[in-house]
Amino acid sequence: MTGAYATLNNVLEQKSLKWIFCGGKGGVGKTTTSCSLAIQLARVRESVLLISTDPAHNLSDAFGQKFSKDATLVNGFTNLSAMEIDPTSSIQEMVEQSDSNGMMGSMMQDLAFAIPGVDEAMSFAEIMKHVKSMTYSVIIFDTAPTGHTLRFLSFPTVLEKALGKLSVLGERFGGMIGQMSSMMGGDASSQEDMFAKLESMREVITEVNGQFKDPEKTTFVCICISEFLSLYETERLIQELTSYEIDTHNIVVNQLVWPAKDSNCTHCSVRQKMQQKYLAEANELYADFFHIIKLPLLTEEVRGPEKLREFSKMLVEEYVPYKDEK
(Lines give C-alpha, C1' and ligand atoms only; values in the text may rest on other atoms or scores of the structure.)
Protein backbone atom coordinates (compact mmCIF):
# COMPACT_ATOMS: atom_id res chain seq x y z
CA MET A 1 0.00 0.00 0.00
CA THR A 2 2.62 2.51 1.05
CA GLY A 3 5.63 2.13 -1.21
CA ALA A 4 8.87 3.73 -0.06
CA TYR A 5 7.14 6.87 1.24
CA ALA A 6 3.76 7.60 2.76
CA THR A 7 1.85 10.67 3.95
CA LEU A 8 -1.39 11.49 5.76
CA ASN A 9 -2.94 12.90 2.60
CA ASN A 10 -5.35 9.96 2.66
CA VAL A 11 -6.90 11.47 5.83
CA LEU A 12 -7.17 14.93 4.28
CA GLU A 13 -8.75 13.53 1.13
CA GLN A 14 -11.42 11.53 3.01
CA LYS A 15 -13.98 14.33 3.35
CA SER A 16 -16.53 12.05 5.05
CA LEU A 17 -14.38 11.77 8.21
CA LYS A 18 -16.00 13.35 11.28
CA TRP A 19 -13.90 11.90 14.13
CA ILE A 20 -10.11 11.45 14.06
CA PHE A 21 -8.22 10.04 17.05
CA CYS A 22 -4.46 10.42 17.52
CA GLY A 23 -2.83 8.23 20.14
CA GLY A 24 -0.01 6.00 21.29
CA LYS A 25 2.48 5.49 24.11
CA GLY A 26 3.46 8.52 26.21
CA GLY A 27 6.28 10.70 24.90
CA VAL A 28 6.04 9.74 21.22
CA GLY A 29 4.87 13.13 19.91
CA LYS A 30 1.09 12.66 19.96
CA THR A 31 0.30 16.30 20.64
CA THR A 32 2.72 17.63 18.02
CA THR A 33 1.29 15.21 15.46
CA SER A 34 -2.37 15.91 16.30
CA CYS A 35 -1.80 19.70 16.25
CA SER A 36 -0.01 19.38 12.90
CA LEU A 37 -2.79 17.22 11.45
CA ALA A 38 -5.37 19.74 12.67
CA ILE A 39 -3.43 22.54 10.92
CA GLN A 40 -3.38 20.60 7.66
CA LEU A 41 -7.08 19.74 7.95
CA ALA A 42 -7.84 23.44 8.47
CA ARG A 43 -6.51 24.00 4.95
CA VAL A 44 -9.11 21.70 3.38
CA ARG A 45 -12.06 21.69 5.80
CA GLU A 46 -14.54 24.42 6.66
CA SER A 47 -14.06 24.14 10.44
CA VAL A 48 -11.81 21.98 12.65
CA LEU A 49 -11.96 21.31 16.40
CA LEU A 50 -8.96 19.85 18.25
CA ILE A 51 -9.79 18.32 21.65
CA SER A 52 -7.27 17.18 24.26
CA THR A 53 -8.54 14.35 26.46
CA ASP A 54 -5.12 13.88 28.06
CA PRO A 55 -5.12 15.13 31.68
CA ALA A 56 -1.60 16.47 31.01
CA HIS A 57 -3.16 18.93 28.53
CA ASN A 58 -0.29 19.80 26.21
CA LEU A 59 -2.27 21.76 23.60
CA SER A 60 -1.76 25.02 25.49
CA ASP A 61 2.00 24.39 25.60
CA ALA A 62 2.15 23.36 21.95
CA PHE A 63 0.39 26.46 20.61
CA GLY A 64 1.61 28.83 23.33
CA GLN A 65 -2.00 29.76 24.10
CA LYS A 66 -4.24 28.93 27.07
CA PHE A 67 -7.18 26.63 26.27
CA SER A 68 -10.04 25.52 28.52
CA LYS A 69 -13.13 23.30 28.38
CA ASP A 70 -14.71 25.82 26.00
CA ALA A 71 -13.72 25.77 22.32
CA THR A 72 -11.37 28.68 21.55
CA LEU A 73 -10.00 29.83 18.19
CA VAL A 74 -6.29 29.09 17.81
CA ASN A 75 -4.26 32.27 17.30
CA GLY A 76 -3.55 32.87 13.63
CA PHE A 77 -6.46 30.72 12.39
CA THR A 78 -10.04 31.51 11.44
CA ASN A 79 -11.34 27.92 11.27
CA LEU A 80 -9.28 25.96 13.83
CA SER A 81 -10.42 25.82 17.46
CA ALA A 82 -9.09 23.86 20.43
CA MET A 83 -10.32 22.80 23.87
CA GLU A 84 -8.95 20.79 26.80
CA ILE A 85 -11.26 18.52 28.79
CA ASP A 86 -10.90 15.86 31.46
CA PRO A 87 -12.92 12.72 30.61
CA THR A 88 -12.15 11.15 34.00
CA SER A 89 -14.01 13.80 36.04
CA SER A 90 -16.74 12.68 38.43
CA ILE A 91 -20.43 12.43 37.52
CA GLN A 92 -21.22 14.24 40.79
CA GLU A 93 -21.85 17.57 39.02
CA MET A 94 -24.22 15.99 36.51
CA VAL A 95 -26.17 14.25 39.28
CA GLU A 96 -26.44 17.44 41.33
CA GLN A 97 -27.73 19.36 38.30
CA SER A 98 -30.31 16.66 37.65
CA ASP A 99 -31.81 16.54 41.13
CA SER A 100 -32.29 19.54 43.38
CA ASN A 101 -33.56 17.65 46.44
CA GLY A 102 -30.48 15.43 46.69
CA MET A 103 -32.14 12.11 47.55
CA MET A 104 -32.68 10.99 43.98
CA GLY A 105 -29.18 12.12 43.06
CA SER A 106 -27.65 10.02 45.81
CA MET A 107 -29.67 6.98 44.74
CA MET A 108 -28.71 7.35 41.09
CA GLN A 109 -25.07 7.88 41.98
CA ASP A 110 -25.08 4.67 44.03
CA LEU A 111 -26.65 2.82 41.11
CA ALA A 112 -24.17 4.32 38.64
CA PHE A 113 -21.06 3.53 40.67
CA ALA A 114 -22.19 -0.08 41.08
CA ILE A 115 -21.31 -0.57 37.39
CA PRO A 116 -17.52 -0.67 36.75
CA GLY A 117 -16.20 2.24 34.69
CA VAL A 118 -19.55 3.97 34.40
CA ASP A 119 -18.44 7.18 36.16
CA GLU A 120 -15.83 7.85 33.47
CA ALA A 121 -18.19 6.67 30.76
CA MET A 122 -20.93 9.07 31.84
CA SER A 123 -18.43 11.93 31.85
CA PHE A 124 -17.57 10.85 28.31
CA ALA A 125 -21.28 10.98 27.44
CA GLU A 126 -21.53 14.55 28.71
CA ILE A 127 -18.51 15.47 26.56
CA MET A 128 -19.99 13.84 23.48
CA LYS A 129 -23.36 15.52 23.99
CA HIS A 130 -21.54 18.85 24.20
CA VAL A 131 -19.34 18.14 21.18
CA LYS A 132 -22.24 16.80 19.08
CA SER A 133 -24.10 20.07 19.56
CA MET A 134 -21.24 21.87 17.80
CA THR A 135 -21.10 22.30 14.04
CA TYR A 136 -17.46 21.53 13.25
CA SER A 137 -16.87 19.60 10.05
CA VAL A 138 -14.17 17.42 11.63
CA ILE A 139 -13.08 16.80 15.24
CA ILE A 140 -9.62 15.55 16.25
CA PHE A 141 -8.92 13.97 19.63
CA ASP A 142 -5.42 14.30 21.10
CA THR A 143 -5.75 11.35 23.45
CA ALA A 144 -4.07 10.23 26.67
CA PRO A 145 -1.44 7.43 26.63
CA THR A 146 -2.58 4.08 25.26
CA GLY A 147 -4.25 2.52 28.32
CA HIS A 148 -6.44 5.55 28.98
CA THR A 149 -7.24 5.88 25.28
CA LEU A 150 -8.46 2.31 25.03
CA ARG A 151 -10.68 2.85 28.06
CA PHE A 152 -11.96 6.08 26.51
CA LEU A 153 -12.88 4.27 23.30
CA SER A 154 -14.63 1.49 25.21
CA PHE A 155 -16.89 3.99 27.00
CA PRO A 156 -19.71 3.99 24.41
CA THR A 157 -20.13 0.22 24.77
CA VAL A 158 -19.80 0.35 28.58
CA LEU A 159 -22.29 3.17 28.81
CA GLU A 160 -24.84 1.59 26.49
CA LYS A 161 -24.89 -1.48 28.72
CA ALA A 162 -24.93 0.54 31.94
CA LEU A 163 -27.73 2.86 30.87
CA GLY A 164 -29.66 -0.14 29.61
CA LYS A 165 -29.45 -1.65 33.11
CA LEU A 166 -30.47 1.64 34.74
CA SER A 167 -33.42 1.97 32.35
CA VAL A 168 -34.60 -1.53 33.30
CA LEU A 169 -34.29 -0.59 36.99
CA GLY A 170 -36.26 2.55 36.27
CA GLU A 171 -39.05 0.57 34.63
CA ARG A 172 -39.16 -2.00 37.44
CA PHE A 173 -38.80 0.25 40.44
CA GLY A 174 -39.61 3.71 39.09
CA GLY A 175 -43.07 3.80 40.67
CA MET A 176 -41.77 2.66 44.02
CA ILE A 177 -38.92 5.19 43.96
CA GLY A 178 -41.39 7.92 43.05
CA GLN A 179 -43.67 6.98 45.97
CA MET A 180 -40.71 6.92 48.37
CA SER A 181 -39.62 10.32 47.12
CA SER A 182 -43.14 11.75 47.66
CA MET A 183 -43.41 10.23 51.16
CA MET A 184 -40.12 11.90 52.09
CA GLY A 185 -41.32 15.25 50.84
CA GLY A 186 -39.44 15.14 47.53
CA ASP A 187 -40.62 15.73 44.01
CA ALA A 188 -41.56 12.48 42.26
CA SER A 189 -41.11 14.14 38.88
CA SER A 190 -37.36 14.52 39.55
CA GLN A 191 -37.01 10.74 39.27
CA GLU A 192 -38.77 10.79 35.90
CA ASP A 193 -36.53 13.65 34.76
CA MET A 194 -33.42 11.70 35.74
CA PHE A 195 -34.43 8.56 33.83
CA ALA A 196 -35.47 10.70 30.84
CA LYS A 197 -32.03 12.32 30.88
CA LEU A 198 -30.32 8.93 31.08
CA GLU A 199 -32.37 7.64 28.16
CA SER A 200 -31.53 10.76 26.13
CA MET A 201 -27.85 10.21 26.96
CA ARG A 202 -28.08 6.59 25.82
CA GLU A 203 -29.48 7.69 22.45
CA VAL A 204 -26.54 10.06 21.93
CA ILE A 205 -24.02 7.38 22.91
CA THR A 206 -25.65 4.76 20.68
CA GLU A 207 -25.38 7.16 17.74
CA VAL A 208 -21.76 8.08 18.54
CA ASN A 209 -20.86 4.43 19.01
CA GLY A 210 -22.24 3.66 15.56
CA GLN A 211 -20.25 6.52 14.05
CA PHE A 212 -17.03 5.43 15.78
CA LYS A 213 -17.41 2.01 14.12
CA ASP A 214 -18.03 3.52 10.67
CA PRO A 215 -14.73 3.78 8.72
CA GLU A 216 -16.31 6.49 6.57
CA LYS A 217 -16.71 8.69 9.66
CA THR A 218 -13.94 7.64 12.08
CA THR A 219 -10.27 6.69 11.92
CA PHE A 220 -7.46 6.33 14.44
CA VAL A 221 -3.92 7.53 13.67
CA CYS A 222 -1.39 5.48 15.66
CA ILE A 223 1.72 7.38 16.73
CA CYS A 224 4.94 5.75 17.88
CA ILE A 225 8.73 5.92 17.83
CA SER A 226 11.03 3.26 16.41
CA GLU A 227 11.76 1.42 19.65
CA PHE A 228 10.70 -1.97 20.97
CA LEU A 229 8.31 -0.83 23.73
CA SER A 230 6.61 1.72 21.52
CA LEU A 231 6.08 -0.74 18.67
CA TYR A 232 4.83 -3.35 21.16
CA GLU A 233 2.32 -0.80 22.48
CA THR A 234 1.28 0.06 18.94
CA GLU A 235 0.59 -3.59 18.16
CA ARG A 236 -1.57 -3.85 21.29
CA LEU A 237 -3.37 -0.64 20.34
CA ILE A 238 -4.11 -1.88 16.82
CA GLN A 239 -5.45 -5.19 18.15
CA GLU A 240 -7.71 -3.38 20.63
CA LEU A 241 -8.97 -0.95 17.99
CA THR A 242 -9.78 -3.90 15.74
CA SER A 243 -11.75 -5.52 18.59
CA TYR A 244 -13.70 -2.25 19.04
CA GLU A 245 -14.27 -2.19 15.23
CA ILE A 246 -12.54 1.19 14.93
CA ASP A 247 -10.74 1.85 11.65
CA THR A 248 -6.99 2.38 11.72
CA HIS A 249 -4.70 2.42 8.69
CA ASN A 250 -2.08 5.09 9.44
CA ILE A 251 1.01 4.84 11.64
CA VAL A 252 3.20 7.88 12.26
CA VAL A 253 6.77 7.01 13.31
CA ASN A 254 8.32 10.06 14.98
CA GLN A 255 11.84 11.06 16.05
CA LEU A 256 13.80 9.14 13.42
CA VAL A 257 17.52 9.93 13.38
CA TRP A 258 19.13 10.63 10.02
CA PRO A 259 22.74 11.73 10.62
CA ALA A 260 24.40 13.88 7.99
CA LYS A 261 26.31 11.75 5.48
CA ASP A 262 29.64 13.14 6.65
CA SER A 263 28.76 12.86 10.36
CA ASN A 264 31.27 11.26 12.76
CA CYS A 265 28.70 10.97 15.57
CA THR A 266 28.93 7.38 16.85
CA HIS A 267 25.86 7.79 19.05
CA CYS A 268 23.82 8.99 16.06
CA SER A 269 24.85 6.10 13.83
CA VAL A 270 24.21 3.50 16.57
CA ARG A 271 20.78 4.96 17.28
CA GLN A 272 19.94 5.11 13.58
CA LYS A 273 20.90 1.46 13.17
CA MET A 274 18.62 0.47 16.08
CA GLN A 275 15.74 2.54 14.73
CA GLN A 276 16.11 1.13 11.23
CA LYS A 277 15.92 -2.39 12.69
CA TYR A 278 12.55 -1.68 14.33
CA LEU A 279 11.38 0.31 11.33
CA ALA A 280 12.04 -2.74 9.16
CA GLU A 281 9.96 -4.84 11.58
CA ALA A 282 7.14 -2.30 11.42
CA ASN A 283 7.24 -2.35 7.63
CA GLU A 284 7.11 -6.14 7.64
CA LEU A 285 4.11 -6.15 9.98
CA TYR A 286 2.09 -3.25 8.61
CA ALA A 287 3.25 -2.02 5.19
CA ASP A 288 0.66 -4.08 3.28
CA PHE A 289 -2.26 -2.56 5.20
CA PHE A 290 -1.05 0.73 6.68
CA HIS A 291 0.42 4.02 5.54
CA ILE A 292 3.64 4.33 7.55
CA ILE A 293 4.63 7.99 7.80
CA LYS A 294 8.26 8.56 8.82
CA LEU A 295 9.17 11.85 10.52
CA PRO A 296 12.61 13.07 11.63
CA LEU A 297 14.00 13.95 15.03
CA LEU A 298 14.47 17.72 14.91
CA THR A 299 17.16 19.76 16.62
CA GLU A 300 14.64 22.11 18.26
CA GLU A 301 11.21 21.87 19.91
CA VAL A 302 8.13 22.24 17.75
CA ARG A 303 6.23 24.90 19.71
CA GLY A 304 4.07 27.78 18.59
CA PRO A 305 1.77 28.12 15.55
CA GLU A 306 4.51 28.91 13.04
CA LYS A 307 6.78 25.97 13.92
CA LEU A 308 3.76 23.69 13.99
CA ARG A 309 2.72 24.93 10.54
CA GLU A 310 6.19 24.14 9.23
CA PHE A 311 6.30 20.71 10.86
CA SER A 312 2.78 19.90 9.62
CA LYS A 313 3.98 20.02 6.02
CA MET A 314 5.96 16.84 6.65
CA LEU A 315 2.69 14.98 7.26
CA VAL A 316 1.56 15.62 3.70
CA GLU A 317 4.83 15.85 1.78
CA GLU A 318 7.33 13.03 1.36
CA TYR A 319 10.14 13.58 3.83
CA VAL A 320 13.40 12.58 2.19
CA PRO A 321 16.47 12.84 4.46
CA TYR A 322 18.95 13.02 1.56
CA LYS A 323 17.09 14.79 -1.22
CA ASP A 324 20.03 14.64 -3.62
CA GLU A 325 19.89 10.81 -3.45
CA LYS A 326 16.18 10.51 -4.28
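What you see is a predicted model, and the numbers here were worked out from it, not measured in a lab.

> Any chance you could break down the UniProt feature "active site" (unreviewed entry) in the protein chain for me, citing the residues and the numbers?
Under the local residue numbering, the UniProt record ascribes the feature "active site" (unreviewed entry) to Asp54. Tracing the chain through its elements places Asp54 in the loop between strand E2 (48-52) and helix H3 (59-63). Assessed through its relative accessible area of 10%, Asp54 is described here as buried. Beyond its immediate chain neighbours, meaning those up to four positions away, Asp54 contacts Asp142, Thr143, Ala144 and Pro145.

> How would you explain the environment of Phe21 if you had to name every residue and give the values?
Following the sequence through the fold, Phe21 ends up in strand E1 (residues 19-23). Here the alpha-carbon distance between Phe21 and Thr219, two residues 198 residues apart in the chain, equals 6.5 Å.

> Account for the UniProt feature "binding site: Zn(2+)" (unreviewed entry) in the protein chain, with residues named and values stated.
Sites flagged by UniProt as "binding site: Zn(2+)" (unreviewed entry) map to Cys265 and Cys268. Of note, Cys265 is situated in the loop between strand E7 (250-256) and helix H10 (266-286). Mapping Cys268 onto the fold places it in helix H10. Once you skip the residues sitting within four places of it in the chain, Cys268 turns out to touch Val257 and Pro259.

> Quick rundown of the state of the cysteines? Include the residues and the values.
By the definition in use, this model includes 1 disulfide. With no disulfide partner, Cys22 has as its closest neighbouring cysteine sulfur the one in Cys35, 9.3 Å distant. Judged by relative accessible area, which is 0%, Cys22 ranks as buried.

Calculation criteria
- Residues numbered from 1 in each chain as written.
- Predicted model: local features only at pLDDT ≥ 70, side-chain atom pairs only at ≥ 80, totals over all residues.
- Heavy atoms only, no water.
- UniProt positions renumbered as here; feature names shortened; annotations may be inferred.
- Helix = DSSP H or I, 4+ residues; strand = E, 2+ residues; numbered from the N terminus.
- Buried < 20%, exposed > 50% of the residue type's maximum accessible area, 1.4 Å probe, protein only.
- Contact = heavy atoms within 4.5 Å.
- Disulfide = S-S within 2.5 Å.

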